[in-house]
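Survey of secondary and tertiary structure
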Amino acid sequence: VELIEGDLIAIPPIEEQHAGHLDHIARSFFRQITQGIVRVQSPIQLGDHSAPQPDLTVLRYREDFYTRSHPRPEDVLLLIEVSDSTLHYDYDRDTKVPLYARAGIPEVWLLDLANRRLEVYRRPSPEGYREIHYPAPTDNIAPVLLPELNLSVASLFIPMPSTKHED
């Protein structure tokens with residue numbers, strides 16, 4: 001469950017495609033992030049009534065590794081949600097992304113697995129993110145607060161297996 005604006009929201013079990021893509025992304029981030037903390041499916045505290053559990057966050061380094069309190073918006077350098085179905089995508093885009101904007105999370109990436117598309121949300125405001133990008137698979141992207149992390153959009157997705165037909 002997640003605490004979202006005072007309500008406990010039941011989250012369906014994580015499907016294989018979602019878990020595999022999250023592991024794929026996390027592996028890359030664990031290798032490349034040296035100045036921050038990479039967390040997978042751990043809560044962030046957004047005021048008194050919301051503690052969502054994003055799929056991946058990159059946090060400012062803290063010596064106690066957030067053992068005394070959950071990270072708050074000012075601790076988040078990048079937040080990633082992975083959506084493997086229309087239901088997850090709609091919930092992430094329509095509920096969680098606006099919540100992150102109101103809390104002031106500087107940058108959110110929404111990985112839409114069904115359409116193999118990345119959505120990048122920047123410049124948060126109480127009304128939502130003022131900047132939304134849909135980079136092409138051939139583009140490179142770097143988070144605003146982690147410019148040294150330059151990734152190809154295609155590298156965020158596990159390559160599709162080739163389908164060979166035998167004659």
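Quick look at the structure, then. (Residues numbered from 1 in each chain as written. Predicted model: local features only at pLDDT ≥ 70, side-chain atom pairs only at ≥ 80, totals over all residues. Heavy atoms only, no water.)

We now examine the environment of Ser155. Locating Ser155 in the fold gives a position in the segment after β10 (151-152). Spatially, the C-alpha atom of Ser155 lies 8.5 Å from that of Pro137, the residues being 18 residues apart in sequence. (Helix = DSSP H or I, 4+ residues; strand = E, 2+ residues; numbered from the N terminus.)

A separate point is helix α2 (residues 86-103). For α2, spanning 18 residues, the distance from its first C-alpha to its last is 25 Å, which sits close to the expected 26 Å at 1.5 Å a residue. The sharpest bend along α2 comes to roughly 35 degrees, located at Asp92. Where α2 is concerned, the buried positions are His88, Tyr89, Tyr91, Asp92, Lys96, Val97, Leu99, Tyr100 and Ala101. Of the surrounding elements, those touching the buried residues of α2 are β1 (2-4), β2 (7-9), β5 (76-83), β6 (107-112), β7 (117-125) and β8 (128-133). The backbone nitrogen of His88 lies 3.2 Å from a side-chain oxygen of the residue at the head of α2, namely Ser85. (Expected span 1.5 Å × (residues − 1). Bend = angle between axes of the 7 residues up to and from the residue. Buried < 20%, exposed > 50% of the residue type's maximum accessible area, 1.4 Å probe, protein only. Contact = heavy atoms within 4.5 Å. Polar contact = N/O pair within 3.5 Å; in protein donor to acceptor, adjacent residues only side chain to side chain.)

This next bit is on the side chain of Ser125. On the secondary structure map, Ser125 appears in strand β7. When its relative accessible area of 9% is taken as the criterion, Ser125 is described as buried.

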